[in-house]
Amino acid sequence: MTYLFLYIVGIISIWCIYRLGWLEALKTIVKVIVPSALIILFNIKAGRLLFKSPLVGLLSALPTSIFIFRGSLPLVSYINNWIENKINNYDDSEVIDTDSVPLDD
């Protein structure tokens, strides 16, 4: 079952990269993975602490997932901006400014 899940995730990732490009696909994957991981980790910990069972913590995920998702948006935005700055970081000293002149002149 795990292999089927990983296969489906791989196919979706490849399709997303083909459709959107590397940068947008990476941003989309981060936008999904970061809140999901935070929600799962929080609910497993809360389930162990409150109910002594991680399964109950995962089942009670809906009320807390909304707050965790909203709270993780600044982190996701920070990661996406960092990715974009790393990829679009080029040296301006090598850029040559030119003027365009029509052929009729």
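Residues numbered from 1 in each chain as written. Predicted model: local features only at pLDDT ≥ 70, side-chain atom pairs only at ≥ 80, totals over all residues. Heavy atoms only, no water.

Draft legend 1. Broad picture of the pattern of salt bridges. Counting across every chain of the model gives 2 salt bridges. The partner of Glu 24 in a salt bridge is Lys 27, with the nearest N and O atoms 3.6 Å apart. Within this pair, Glu 24 and its partner Lys 27 are both found in helix α2 (residues 22-51), separated by 3 residues, close to a single helical turn. Classification of Glu 24 as partly exposed rests on a relative accessible area of 38%. Taking the shortest distance from any N to any O, the salt bridge between Glu 84 and Lys 27 comes out at 2.5 Å. Here Glu 84, found in helix α4 (residues 61-87), pairs with Lys 27, found in helix α2; they are 57 residues apart in sequence, far enough to count as distant. On the accessibility criterion, Glu 84 (29% relative accessible area) is partly exposed. When its relative accessible area of 13% is taken as the criterion, Lys 27 is described as buried. The network of salt bridges with common partners includes Glu 24, Lys 27 and Glu 84. (Salt bridge = Lys/Arg side-chain N within 4 Å of Asp/Glu carboxyl O. Helix = DSSP H or I, 4+ residues; strand = E, 2+ residues; numbered from the N terminus. Buried < 20%, exposed > 50% of the residue type's maximum accessible area, 1.4 Å probe, protein only.)

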